[in-house]
Amino acid sequence: MSETPLGGPALPQERKVVTAIPGPKSQEMLARKNAAVAAGVGVALPVSIVAAGGGVMVDVDGNSFIDLGSGIAVTGVGNAAPKVVEAVTNQVQQFTHTCFTVTPYDGYVKVAEKLNELTPGDFEKRSALFNSGAEALENAVKIARHYTKRNAIVVFDHAYHGRTNLTMGMTAKNMPYKDGFGPFAPEVYRVPTSYPFRDGLTGAEAAEVAITQIEKQVGAANLAAVIIEPIQGEGGFIAPAEGFLPAIQKWATENKVVFVLDEVQTGFARTGDLFAANHEGVVPDLVTTAKGIAGGLPLSAVTGRAEIMDSAHAGGLGGTYAGSPISCAAALATIETYETENLTQRAREIGAIIEEFFTELQKTDSRIGDIRGRGAMQAIELVETGSKTPAAALTGAVAKQAGDQGVILLTCGTYGNVIRFLPPLSISDELLRDGLQVVADALAAN
Ligand SMILES: *Cc1c(COP(=O)(O)O)cnc(C)c1O
(Lines give C-alpha, C1' and ligand atoms only; values in the text may rest on other atoms or scores of the structure.)
Protein backbone atom coordinates (compact mmCIF):
# COMPACT_ATOMS: atom_id res chain seq x y z
CA MET A 1 0.00 0.00 0.00
CA SER A 2 1.54 3.29 -1.06
CA GLU A 3 0.34 6.61 0.33
CA THR A 4 -1.29 8.85 -2.27
CA PRO A 5 0.54 12.14 -2.92
CA LEU A 6 -2.10 14.23 -1.14
CA GLY A 7 -3.06 11.53 1.35
CA GLY A 8 -6.61 10.27 1.00
CA PRO A 9 -7.48 6.62 1.52
CA ALA A 10 -4.25 4.66 1.33
CA LEU A 11 -5.17 2.94 -1.91
CA PRO A 12 -2.47 1.27 -3.97
CA GLN A 13 -1.74 3.71 -6.77
CA GLU A 14 -2.07 1.23 -9.58
CA ARG A 15 -4.11 0.23 -12.61
CA LYS A 16 -5.48 -3.24 -12.07
CA VAL A 17 -8.21 -5.01 -14.03
CA VAL A 18 -9.27 -8.33 -12.47
CA THR A 19 -12.68 -8.87 -14.14
CA ALA A 20 -14.39 -8.04 -17.39
CA ILE A 21 -15.73 -4.45 -17.17
CA PRO A 22 -18.27 -4.23 -15.65
CA GLY A 23 -17.49 -7.05 -13.22
CA PRO A 24 -20.16 -9.33 -11.71
CA LYS A 25 -20.84 -7.22 -8.59
CA SER A 26 -21.04 -4.02 -10.65
CA GLN A 27 -23.49 -5.78 -12.95
CA GLU A 28 -25.70 -6.62 -9.97
CA MET A 29 -25.75 -2.94 -8.96
CA LEU A 30 -26.45 -1.87 -12.56
CA ALA A 31 -29.43 -4.20 -12.78
CA ARG A 32 -30.80 -2.56 -9.62
CA LYS A 33 -29.99 0.88 -11.05
CA ASN A 34 -31.99 0.13 -14.18
CA ALA A 35 -34.96 -0.96 -12.05
CA ALA A 36 -34.74 1.95 -9.57
CA VAL A 37 -33.15 4.99 -11.27
CA ALA A 38 -34.71 7.04 -14.07
CA ALA A 39 -33.29 6.02 -17.45
CA GLY A 40 -32.37 9.65 -18.24
CA VAL A 41 -29.63 9.46 -15.63
CA GLY A 42 -27.03 7.73 -17.81
CA VAL A 43 -23.51 6.61 -16.87
CA ALA A 44 -20.22 6.83 -18.77
CA LEU A 45 -18.42 3.87 -17.20
CA PRO A 46 -20.82 1.32 -15.70
CA VAL A 47 -18.94 0.25 -12.56
CA SER A 48 -19.83 0.54 -8.87
CA ILE A 49 -17.18 2.66 -7.11
CA VAL A 50 -16.36 1.94 -3.46
CA ALA A 51 -13.22 4.05 -2.82
CA ALA A 52 -11.12 6.72 -4.52
CA GLY A 53 -8.00 8.74 -3.78
CA GLY A 54 -4.75 10.00 -5.28
CA GLY A 55 -5.14 9.07 -8.94
CA VAL A 56 -7.33 5.97 -8.72
CA MET A 57 -10.92 4.80 -8.26
CA VAL A 58 -11.60 1.28 -7.02
CA ASP A 59 -14.76 -0.65 -7.84
CA VAL A 60 -16.71 -3.28 -5.93
CA ASP A 61 -15.09 -6.10 -7.95
CA GLY A 62 -11.58 -5.01 -6.98
CA ASN A 63 -10.69 -3.25 -10.25
CA SER A 64 -8.50 -0.15 -9.81
CA PHE A 65 -9.02 2.54 -12.45
CA ILE A 66 -6.75 5.45 -13.29
CA ASP A 67 -8.91 8.55 -12.88
CA LEU A 68 -8.51 10.95 -15.81
CA GLY A 69 -11.82 12.73 -15.15
CA SER A 70 -11.97 13.88 -11.49
CA GLY A 71 -15.76 13.46 -11.58
CA ILE A 72 -15.75 16.19 -14.27
CA ALA A 73 -13.05 18.51 -12.90
CA VAL A 74 -14.32 18.42 -9.32
CA THR A 75 -11.76 16.56 -7.20
CA GLY A 76 -8.76 18.71 -8.10
CA VAL A 77 -7.33 18.25 -4.59
CA GLY A 78 -7.90 14.51 -4.84
CA ASN A 79 -10.78 12.35 -3.74
CA ALA A 80 -11.39 12.14 0.02
CA ALA A 81 -8.52 14.60 0.45
CA PRO A 82 -7.48 14.42 4.14
CA LYS A 83 -7.93 18.12 4.95
CA VAL A 84 -11.37 18.09 3.36
CA VAL A 85 -12.39 14.96 5.26
CA GLU A 86 -11.19 16.49 8.53
CA ALA A 87 -12.98 19.80 7.95
CA VAL A 88 -16.24 18.10 6.99
CA THR A 89 -16.05 15.71 9.95
CA ASN A 90 -15.51 18.59 12.37
CA GLN A 91 -18.35 20.61 10.86
CA VAL A 92 -20.98 17.84 10.90
CA GLN A 93 -20.23 17.31 14.59
CA GLN A 94 -20.98 21.00 15.31
CA PHE A 95 -24.08 21.61 13.16
CA THR A 96 -25.24 20.42 9.75
CA HIS A 97 -27.64 23.17 8.67
CA THR A 98 -29.26 26.43 9.69
CA CYS A 99 -30.19 27.95 6.29
CA PHE A 100 -27.83 30.92 5.98
CA THR A 101 -30.70 33.30 5.21
CA VAL A 102 -32.44 32.34 8.47
CA THR A 103 -29.46 32.29 10.86
CA PRO A 104 -26.02 32.92 9.34
CA TYR A 105 -22.67 31.33 10.22
CA ASP A 106 -19.00 32.15 9.88
CA GLY A 107 -17.95 29.52 7.28
CA TYR A 108 -20.13 31.08 4.56
CA VAL A 109 -18.66 34.54 5.23
CA LYS A 110 -15.12 33.13 5.20
CA VAL A 111 -15.71 31.48 1.78
CA ALA A 112 -17.08 34.78 0.45
CA GLU A 113 -14.03 36.63 1.79
CA LYS A 114 -11.70 34.10 0.14
CA LEU A 115 -13.50 34.29 -3.21
CA ASN A 116 -13.47 38.09 -3.14
CA GLU A 117 -9.74 38.00 -2.47
CA LEU A 118 -8.75 35.28 -4.99
CA THR A 119 -10.95 35.90 -8.06
CA PRO A 120 -9.65 38.21 -10.82
CA GLY A 121 -10.02 41.98 -10.33
CA ASP A 122 -8.71 44.20 -7.54
CA PHE A 123 -11.92 46.13 -6.98
CA GLU A 124 -14.41 45.77 -4.13
CA LYS A 125 -16.37 42.54 -4.49
CA ARG A 126 -19.25 40.58 -3.00
CA SER A 127 -20.10 36.87 -3.28
CA ALA A 128 -23.26 34.79 -3.00
CA LEU A 129 -23.17 31.02 -2.57
CA PHE A 130 -25.37 28.35 -4.13
CA ASN A 131 -25.35 24.56 -4.67
CA SER A 132 -24.62 23.79 -8.33
CA GLY A 133 -22.95 25.40 -11.30
CA ALA A 134 -26.27 25.86 -13.07
CA GLU A 135 -27.69 27.62 -10.02
CA ALA A 136 -24.74 30.02 -10.00
CA LEU A 137 -25.34 30.82 -13.70
CA GLU A 138 -29.05 31.40 -13.07
CA ASN A 139 -28.17 33.82 -10.28
CA ALA A 140 -25.52 35.65 -12.30
CA VAL A 141 -28.22 36.31 -14.91
CA LYS A 142 -30.72 37.42 -12.24
CA ILE A 143 -28.19 39.83 -10.78
CA ALA A 144 -27.10 41.25 -14.16
CA ARG A 145 -30.72 41.80 -15.21
CA HIS A 146 -31.60 43.48 -11.93
CA TYR A 147 -28.55 45.76 -12.13
CA THR A 148 -28.89 46.78 -15.79
CA LYS A 149 -32.72 46.73 -15.94
CA ARG A 150 -32.28 44.98 -19.31
CA ASN A 151 -33.55 41.52 -20.32
CA ALA A 152 -31.45 39.99 -23.09
CA ILE A 153 -28.41 37.80 -22.52
CA VAL A 154 -25.84 36.63 -25.05
CA VAL A 155 -24.18 33.20 -25.03
CA PHE A 156 -21.95 31.47 -27.58
CA ASP A 157 -21.81 28.52 -29.96
CA HIS A 158 -20.54 25.35 -28.20
CA ALA A 159 -21.44 26.79 -24.78
CA TYR A 160 -22.41 24.65 -21.83
CA HIS A 161 -23.96 26.25 -18.76
CA GLY A 162 -26.11 23.53 -17.14
CA ARG A 163 -29.34 21.56 -17.13
CA THR A 164 -31.94 23.81 -15.49
CA ASN A 165 -34.45 25.51 -17.77
CA LEU A 166 -32.58 28.79 -18.19
CA THR A 167 -29.16 27.13 -18.44
CA MET A 168 -30.45 24.52 -20.94
CA GLY A 169 -31.47 27.46 -23.08
CA MET A 170 -27.98 28.92 -22.65
CA THR A 171 -26.34 25.59 -23.57
CA ALA A 172 -25.67 25.05 -27.28
CA LYS A 173 -25.84 21.31 -27.79
CA ASN A 174 -29.21 19.65 -28.37
CA MET A 175 -28.40 15.96 -27.68
CA PRO A 176 -28.38 14.97 -24.89
CA TYR A 177 -28.91 18.21 -22.98
CA LYS A 178 -32.01 19.80 -24.53
CA ASP A 179 -33.78 17.37 -26.84
CA GLY A 180 -37.48 17.25 -25.99
CA PHE A 181 -37.05 19.34 -22.80
CA GLY A 182 -38.27 22.72 -24.13
CA PRO A 183 -39.70 25.27 -24.35
CA PHE A 184 -36.72 27.26 -23.14
CA ALA A 185 -36.54 30.67 -21.47
CA PRO A 186 -36.81 33.72 -23.76
CA GLU A 187 -34.27 36.51 -24.38
CA VAL A 188 -31.28 34.17 -24.74
CA TYR A 189 -29.27 34.93 -27.92
CA ARG A 190 -26.42 32.81 -29.31
CA VAL A 191 -23.52 34.14 -31.37
CA PRO A 192 -20.40 32.54 -32.91
CA THR A 193 -17.36 31.97 -30.73
CA SER A 194 -13.66 31.63 -31.55
CA TYR A 195 -12.71 28.04 -32.47
CA PRO A 196 -9.22 28.34 -33.96
CA PHE A 197 -9.00 24.72 -35.22
CA ARG A 198 -12.22 25.07 -37.22
CA ASP A 199 -12.83 28.75 -38.04
CA GLY A 200 -9.27 29.78 -38.91
CA LEU A 201 -9.96 33.31 -37.62
CA THR A 202 -7.80 35.48 -35.39
CA GLY A 203 -9.25 36.48 -32.05
CA ALA A 204 -9.99 39.99 -33.33
CA GLU A 205 -11.77 38.66 -36.44
CA ALA A 206 -13.88 36.19 -34.47
CA ALA A 207 -14.80 38.92 -31.96
CA GLU A 208 -15.89 41.21 -34.78
CA VAL A 209 -18.22 38.52 -36.15
CA ALA A 210 -19.74 38.01 -32.69
CA ILE A 211 -20.07 41.72 -31.90
CA THR A 212 -21.64 42.54 -35.27
CA GLN A 213 -24.22 39.83 -34.72
CA ILE A 214 -24.97 41.09 -31.19
CA GLU A 215 -25.42 44.65 -32.43
CA LYS A 216 -27.58 43.68 -35.42
CA GLN A 217 -29.71 40.98 -33.78
CA VAL A 218 -30.00 42.08 -30.13
CA GLY A 219 -28.88 45.69 -29.66
CA ALA A 220 -26.59 46.71 -26.83
CA ALA A 221 -29.33 48.76 -25.16
CA ASN A 222 -31.36 45.57 -24.57
CA LEU A 223 -28.48 43.47 -23.35
CA ALA A 224 -27.94 42.70 -19.64
CA ALA A 225 -24.99 40.33 -19.88
CA VAL A 226 -22.57 38.46 -22.10
CA ILE A 227 -21.77 35.06 -20.56
CA ILE A 228 -18.82 33.00 -21.71
CA GLU A 229 -16.56 30.15 -20.59
CA PRO A 230 -12.91 31.29 -20.87
CA ILE A 231 -12.15 27.79 -22.22
CA GLN A 232 -15.28 25.97 -23.29
CA GLY A 233 -15.74 22.71 -21.38
CA GLU A 234 -18.43 20.31 -22.63
CA GLY A 235 -18.27 22.05 -26.03
CA GLY A 236 -14.81 20.58 -26.64
CA PHE A 237 -12.15 22.32 -24.52
CA ILE A 238 -12.07 25.13 -27.05
CA ALA A 239 -9.58 27.84 -26.08
CA PRO A 240 -10.38 31.01 -28.03
CA ALA A 241 -7.76 32.65 -30.24
CA GLU A 242 -5.69 35.27 -28.47
CA GLY A 243 -7.44 38.60 -28.22
CA PHE A 244 -10.99 37.23 -28.60
CA LEU A 245 -12.00 37.53 -24.95
CA PRO A 246 -10.40 40.97 -24.39
CA ALA A 247 -12.26 42.31 -27.46
CA ILE A 248 -15.59 40.96 -26.19
CA GLN A 249 -14.91 42.38 -22.74
CA LYS A 250 -13.97 45.80 -24.17
CA TRP A 251 -17.20 45.95 -26.17
CA ALA A 252 -19.26 44.86 -23.15
CA THR A 253 -17.67 47.48 -20.89
CA GLU A 254 -18.18 50.27 -23.45
CA ASN A 255 -21.84 49.31 -23.73
CA LYS A 256 -22.48 48.87 -19.99
CA VAL A 257 -23.17 45.17 -20.51
CA VAL A 258 -22.19 42.92 -17.58
CA PHE A 259 -19.30 40.65 -18.63
CA VAL A 260 -19.75 37.25 -16.94
CA LEU A 261 -17.08 34.54 -17.04
CA ASP A 262 -18.31 31.01 -16.37
CA GLU A 263 -15.31 29.45 -14.60
CA VAL A 264 -17.32 26.51 -13.27
CA GLN A 265 -15.04 24.02 -15.06
CA THR A 266 -11.86 26.09 -15.55
CA GLY A 267 -11.69 27.49 -12.02
CA PHE A 268 -9.51 26.61 -9.05
CA ALA A 269 -6.01 25.73 -10.28
CA ARG A 270 -7.21 23.43 -13.07
CA THR A 271 -5.69 25.49 -15.92
CA GLY A 272 -2.40 26.17 -14.15
CA ASP A 273 -3.58 29.45 -12.68
CA LEU A 274 -6.21 29.84 -9.99
CA PHE A 275 -8.62 31.13 -12.69
CA ALA A 276 -8.42 30.86 -16.49
CA ALA A 277 -9.20 34.59 -16.84
CA ASN A 278 -5.67 35.28 -15.66
CA HIS A 279 -4.24 33.67 -18.83
CA GLU A 280 -6.60 35.47 -21.17
CA GLY A 281 -6.05 39.03 -20.03
CA VAL A 282 -9.63 39.66 -18.95
CA VAL A 283 -11.26 40.64 -15.68
CA PRO A 284 -14.90 39.62 -15.37
CA ASP A 285 -17.56 41.83 -13.78
CA LEU A 286 -19.06 38.61 -12.39
CA VAL A 287 -17.52 35.14 -12.24
CA THR A 288 -19.32 31.86 -11.57
CA THR A 289 -17.45 29.03 -9.84
CA ALA A 290 -18.40 25.53 -8.69
CA LYS A 291 -16.81 22.19 -9.64
CA GLY A 292 -13.31 22.44 -8.14
CA ILE A 293 -14.36 24.62 -5.23
CA ALA A 294 -15.05 22.17 -2.40
CA GLY A 295 -13.25 18.84 -2.94
CA GLY A 296 -16.42 17.06 -4.06
CA LEU A 297 -19.05 18.66 -1.85
CA PRO A 298 -21.80 20.60 -3.63
CA LEU A 299 -21.12 24.34 -3.65
CA SER A 300 -21.13 27.15 -6.19
CA ALA A 301 -20.72 30.90 -6.16
CA VAL A 302 -21.23 34.16 -7.99
CA THR A 303 -18.51 36.71 -7.22
CA GLY A 304 -18.11 40.17 -8.66
CA ARG A 305 -18.18 43.93 -8.52
CA ALA A 306 -19.84 45.11 -5.30
CA GLU A 307 -22.13 47.62 -7.01
CA ILE A 308 -23.54 44.94 -9.35
CA MET A 309 -23.78 42.19 -6.71
CA ASP A 310 -25.41 44.55 -4.17
CA SER A 311 -28.10 45.77 -6.57
CA ALA A 312 -30.50 42.89 -5.75
CA HIS A 313 -32.76 43.51 -2.72
CA ALA A 314 -32.47 41.48 0.51
CA GLY A 315 -34.32 38.18 0.13
CA GLY A 316 -33.86 38.23 -3.66
CA LEU A 317 -30.95 35.76 -3.57
CA GLY A 318 -30.55 32.54 -1.62
CA GLY A 319 -31.86 29.01 -1.28
CA THR A 320 -32.50 26.52 1.51
CA TYR A 321 -29.17 24.71 1.18
CA ALA A 322 -27.23 27.46 -0.61
CA GLY A 323 -23.78 27.74 0.97
CA SER A 324 -24.28 24.74 3.27
CA PRO A 325 -21.99 24.89 6.32
CA ILE A 326 -20.60 21.46 5.40
CA SER A 327 -19.73 22.54 1.86
CA CYS A 328 -18.25 25.80 3.16
CA ALA A 329 -15.99 23.89 5.57
CA ALA A 330 -14.90 21.67 2.65
CA ALA A 331 -14.30 24.72 0.42
CA LEU A 332 -12.05 26.43 2.97
CA ALA A 333 -9.96 23.26 3.33
CA THR A 334 -9.89 22.79 -0.45
CA ILE A 335 -8.81 26.34 -1.23
CA GLU A 336 -6.12 26.11 1.45
CA THR A 337 -4.87 22.87 -0.15
CA TYR A 338 -4.56 24.50 -3.60
CA GLU A 339 -2.34 27.10 -1.97
CA THR A 340 -0.23 24.97 0.41
CA GLU A 341 0.37 22.17 -2.12
CA ASN A 342 1.08 24.63 -4.96
CA LEU A 343 -1.44 22.88 -7.18
CA THR A 344 -1.39 25.53 -9.91
CA GLN A 345 2.22 24.49 -10.54
CA ARG A 346 1.21 20.82 -10.45
CA ALA A 347 -1.55 21.50 -13.00
CA ARG A 348 1.05 23.01 -15.36
CA GLU A 349 3.31 19.97 -14.96
CA ILE A 350 0.42 17.60 -15.69
CA GLY A 351 -0.53 19.68 -18.73
CA ALA A 352 3.03 19.56 -20.07
CA ILE A 353 3.14 15.76 -19.80
CA ILE A 354 -0.16 15.35 -21.67
CA GLU A 355 0.73 17.87 -24.38
CA GLU A 356 4.16 16.35 -24.96
CA PHE A 357 2.76 12.83 -25.11
CA PHE A 358 0.20 13.61 -27.80
CA THR A 359 2.46 15.94 -29.76
CA GLU A 360 4.78 12.96 -30.17
CA LEU A 361 1.91 10.59 -31.04
CA GLN A 362 0.46 13.05 -33.56
CA LYS A 363 3.61 12.65 -35.70
CA THR A 364 2.52 9.10 -36.53
CA ASP A 365 -1.26 9.44 -36.15
CA SER A 366 -2.82 12.27 -38.14
CA ARG A 367 -6.26 11.47 -36.73
CA ILE A 368 -5.16 13.61 -33.77
CA GLY A 369 -6.30 16.82 -35.44
CA ASP A 370 -5.75 19.21 -32.56
CA ILE A 371 -4.15 19.14 -29.11
CA ARG A 372 -5.31 21.99 -26.92
CA GLY A 373 -6.12 23.26 -23.47
CA ARG A 374 -4.31 24.77 -20.53
CA GLY A 375 -2.74 23.11 -17.53
CA ALA A 376 -4.53 19.97 -16.39
CA MET A 377 -7.44 20.73 -18.74
CA GLN A 378 -6.23 19.21 -22.02
CA ALA A 379 -7.96 17.60 -24.96
CA ILE A 380 -7.34 15.95 -28.31
CA GLU A 381 -9.80 16.45 -31.17
CA LEU A 382 -10.02 13.34 -33.36
CA VAL A 383 -10.69 13.63 -37.10
CA GLU A 384 -10.65 11.37 -40.14
CA THR A 385 -7.20 11.16 -41.72
CA GLY A 386 -6.42 14.04 -44.02
CA SER A 387 -9.53 16.07 -43.14
CA LYS A 388 -11.26 17.90 -40.32
CA THR A 389 -14.25 15.55 -40.44
CA PRO A 390 -15.06 14.70 -36.81
CA ALA A 391 -14.27 11.08 -35.87
CA ALA A 392 -16.98 10.52 -33.26
CA ALA A 393 -17.17 6.73 -33.59
CA LEU A 394 -13.41 6.44 -33.08
CA THR A 395 -13.65 8.70 -30.01
CA GLY A 396 -16.34 6.51 -28.47
CA ALA A 397 -14.38 3.34 -29.23
CA VAL A 398 -11.22 4.73 -27.60
CA ALA A 399 -13.11 5.74 -24.45
CA LYS A 400 -14.75 2.31 -24.29
CA GLN A 401 -11.47 0.44 -24.71
CA ALA A 402 -9.78 2.68 -22.13
CA GLY A 403 -12.52 1.81 -19.63
CA ASP A 404 -12.08 -1.90 -20.32
CA GLN A 405 -8.33 -1.47 -19.71
CA GLY A 406 -8.78 0.38 -16.39
CA VAL A 407 -8.78 4.07 -17.37
CA ILE A 408 -11.67 6.48 -16.73
CA LEU A 409 -11.73 8.69 -19.81
CA LEU A 410 -14.25 11.42 -20.65
CA THR A 411 -15.29 12.60 -24.09
CA CYS A 412 -16.89 15.92 -25.05
CA GLY A 413 -17.39 18.28 -27.96
CA THR A 414 -20.28 19.46 -30.08
CA TYR A 415 -19.30 16.78 -32.64
CA GLY A 416 -18.58 14.11 -29.98
CA ASN A 417 -14.98 13.78 -31.19
CA VAL A 418 -12.96 15.22 -28.33
CA ILE A 419 -11.20 13.23 -25.59
CA ARG A 420 -10.62 15.38 -22.53
CA PHE A 421 -8.10 14.92 -19.78
CA LEU A 422 -9.03 16.23 -16.33
CA PRO A 423 -6.95 14.18 -13.88
CA PRO A 424 -7.00 14.98 -10.18
CA LEU A 425 -3.99 17.16 -9.38
CA SER A 426 -3.04 14.46 -6.85
CA ILE A 427 -2.22 11.92 -9.59
CA SER A 428 1.40 10.70 -9.87
CA ASP A 429 3.39 11.14 -13.10
CA GLU A 430 3.70 7.36 -13.34
CA LEU A 431 -0.07 6.74 -13.23
CA LEU A 432 -0.74 9.59 -15.62
CA ARG A 433 1.75 8.22 -18.16
CA ASP A 434 0.31 4.72 -17.81
CA GLY A 435 -3.18 6.13 -18.46
CA LEU A 436 -2.01 8.04 -21.53
CA GLN A 437 -0.33 4.92 -22.92
CA VAL A 438 -3.65 3.06 -22.59
CA VAL A 439 -5.25 5.80 -24.68
CA ALA A 440 -2.46 5.53 -27.26
CA ASP A 441 -2.91 1.74 -27.42
CA ALA A 442 -6.67 2.19 -27.86
CA LEU A 443 -6.06 4.66 -30.70
CA ALA A 444 -3.69 2.20 -32.37
CA ALA A 445 -6.23 -0.61 -32.12
CA ASN A 446 -9.18 1.34 -33.58
C1 LIG B 1 -20.60 21.73 -15.32
C2 LIG B 1 -20.77 23.12 -15.79
C3 LIG B 1 -21.90 23.89 -15.44
C4 LIG B 1 -23.05 23.31 -14.65
O5 LIG B 1 -22.66 22.91 -13.38
P6 LIG B 1 -23.60 21.92 -12.53
O7 LIG B 1 -22.96 21.88 -11.17
O8 LIG B 1 -23.57 20.60 -13.23
O9 LIG B 1 -24.94 22.52 -12.52
C10 LIG B 1 -21.94 25.20 -15.86
N11 LIG B 1 -20.96 25.75 -16.59
C12 LIG B 1 -19.86 25.04 -16.94
C13 LIG B 1 -18.79 25.71 -17.72
C14 LIG B 1 -19.74 23.71 -16.57
O15 LIG B 1 -18.65 23.00 -16.93
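For the structure, check the block above.
Please read these numbers as outputs of a predicted model, since none were measured by experiment.

A few points about the overall build of the protein chain
When helices and strands are counted, the protein chain shows 15 helices and 15 strands. Over its C-alpha atoms the protein chain spans a radius of gyration of 21 Å, differing by no more than 12% from the 22 Å that the globule rule assigns to 446 residues. When its C-alpha atoms are laid out on the principal axes, the protein chain stretches across 60 × 60 × 45 Å. In the protein chain, once contacts between residues fewer than 6 apart in sequence are set aside, the share between residues at least 24 apart is 73%. Taking the 35 positively charged and 48 negatively charged side chains of the protein chain as two groups, their mean positions are separated by 4 Å.

Considering the nonpolar core
Of all hydrophobic cores here, the largest spans 85 residues; its most connected members are Met170, Ile227, Leu286, Phe358, Ile380 and Phe421. Mapped onto the domain boundaries, this core takes at least three residues apiece from domain 1 (24–77 + 342–445) and domain 2 (84–340). Not counting the four nearest positions on each side in its chain, Met170 is found in contact with Leu137, Val141, Ile153, Val155, Ala159, His161, Val188, Arg190 and Ile227. Within the second largest apolar cluster, 25 residues are counted, among which are Ala206, Ala210, Val226 and Ala277.

Things to note about the site of the ligand
Looking at the ligand, the residues that line it are Ser132, Gly133, Ala134, Tyr160, His161, Gly162, Glu229, Asp262, Val264, Gln265 and Lys291. Between an oxygen atom of the ligand and a main-chain N or O atom of Gly133, the distance comes to 2.8 Å. Protein contacts shield 83% of the accessible area of the ligand, which totals 380 Å² for the unbound molecule.

Some remarks on the sheet that holds strand S8 (residues 258–262)
Pairing in this open sheet of seven strands is mixed, and the strands run S4-S10-S9-S8-S7-S5-S6 from one edge to the other. Bordering the open sheet on either side are strand S4 (125–130) and strand S6 (188–191), each of which pairs with just one other strand. Strand-to-strand, the axes of this sheet are offset by a mean angle of 20 degrees, without reference to chain direction. Bridging between strand S9 (residues 286–289) and strand S10 (residues 300–305) involves four bridges; their strand directions are antiparallel. Considered in S10, the bridge of Val287 is made with Thr303. Relative to S6, helix H8 (residues 203–217) is tilted by about 145 degrees, and along the sheet it contacts strand S5 (152–156), S6 and strand S7 (223–228).

Focus on the packing of aromatic side chains
The final tally for this structure, using the stated rule, is 10 aromatic pairs. Each ring, one from Phe358 and one from Phe421, has its centre 5.2 Å from the other, and the planes form 35 degrees; the classification is tilted. A residue pair is termed long-range when its members are at least 10 positions apart, and Phe358 in helix H13 (residues 343–362) and Phe421 in strand S15 (residues 418–421) qualify at 63 residues. Like Phe421, Phe358 is buried. Following the ring pairs from residue to residue traces out a cluster consisting of Phe95, Phe100, Tyr105 and Tyr108. Note that Lys178 overlies the ring of Phe184, its terminal NZ or CZ placed 5.2 Å from the centroid. Above the ring of Phe123, the side-chain terminus of Arg305 is found at 3.9 Å from the ring centroid.

Thoughts on the environment of Asn278
For Asn278, the position within the fold is in helix H10 (residues 277–280). Note on Asn278: relative accessible area 38%, which makes it partly exposed. Counting along the chain gives 48 residues from Asn278 to Pro230, while the straight-line C-alpha distance between them is 9.8 Å. Aside from chain neighbours lying at most four places away, what touches Asn278 is Pro120 and Asp273. A distance of 3.0 Å separates the side chain of Asn278 from the side chain of Asp273, its partner in a polar contact.

Topic: the sheet that holds strand S11 (residues 368–374)
With antiparallel pairing, four strands are arranged side by side in an open sheet as S11-S12-S15-S14. Every other strand in the sheet has two partners, leaving S11 and strand S14 (410–412) as the edge strands with one partner each. Pairs of neighbouring strands in the sheet enclose a mean axial angle of 25 degrees, with direction left out of account. Relative to strand S12 (residues 377–382), S11 is paired through six bridges, and the arrangement is antiparallel. Paired with Ile368 across the strands is Leu382, a residue of S12. With respect to the sheet, H13 is in contact with S11, S12 and S15, its orientation differing from that of S11 by roughly 170 degrees. Across the sheet, helix H14 (residues 392–404) is in contact with S12, S14 and S15; its angle to S15 comes to roughly 40 degrees.

So, how was this worked out
- Residues numbered from 1 in each chain as written.
- Predicted model: local features only at pLDDT ≥ 70, side-chain atom pairs only at ≥ 80, totals over all residues.
- Heavy atoms only, no water.
- Helix = DSSP H or I, 4+ residues; strand = E, 2+ residues; numbered from the N terminus.
- Rg over C-alpha atoms; globule rule 2.2 N^0.38 Å.
- Contact = heavy atoms within 4.5 Å.
- Lys, Arg positive; Asp, Glu negative; His and termini not counted.
- Charge placed at Lys NZ, Arg CZ, Asp CG, Glu CD.
- Core = buried A, V, L, I, M, F, W, Y, C linked by side-chain atoms within 4.5 Å.
- Buried < 20%, exposed > 50% of the residue type's maximum accessible area, 1.4 Å probe, protein only.
- Domains from an automatic or database assignment.
- Near = heavy atom within 4 Å.
- Polar contact = N/O pair within 3.5 Å; in protein donor to acceptor, adjacent residues only side chain to side chain.
- Areas by Shrake-Rupley, 256 points an atom, 1.4 Å probe, with all protein chains shown as cover.
- Pairing = 2+ DSSP bridges.
- Axes fitted to C-alpha atoms, helices over the stretch in contact; angles between N-to-C directions.
- Phe/Tyr/Trp six-rings, centres within 6.5 Å; stacked < 30°, edge-to-face > 60°.
- Lys NZ or Arg CZ within 6 Å of the ring centre and 35° of its normal.

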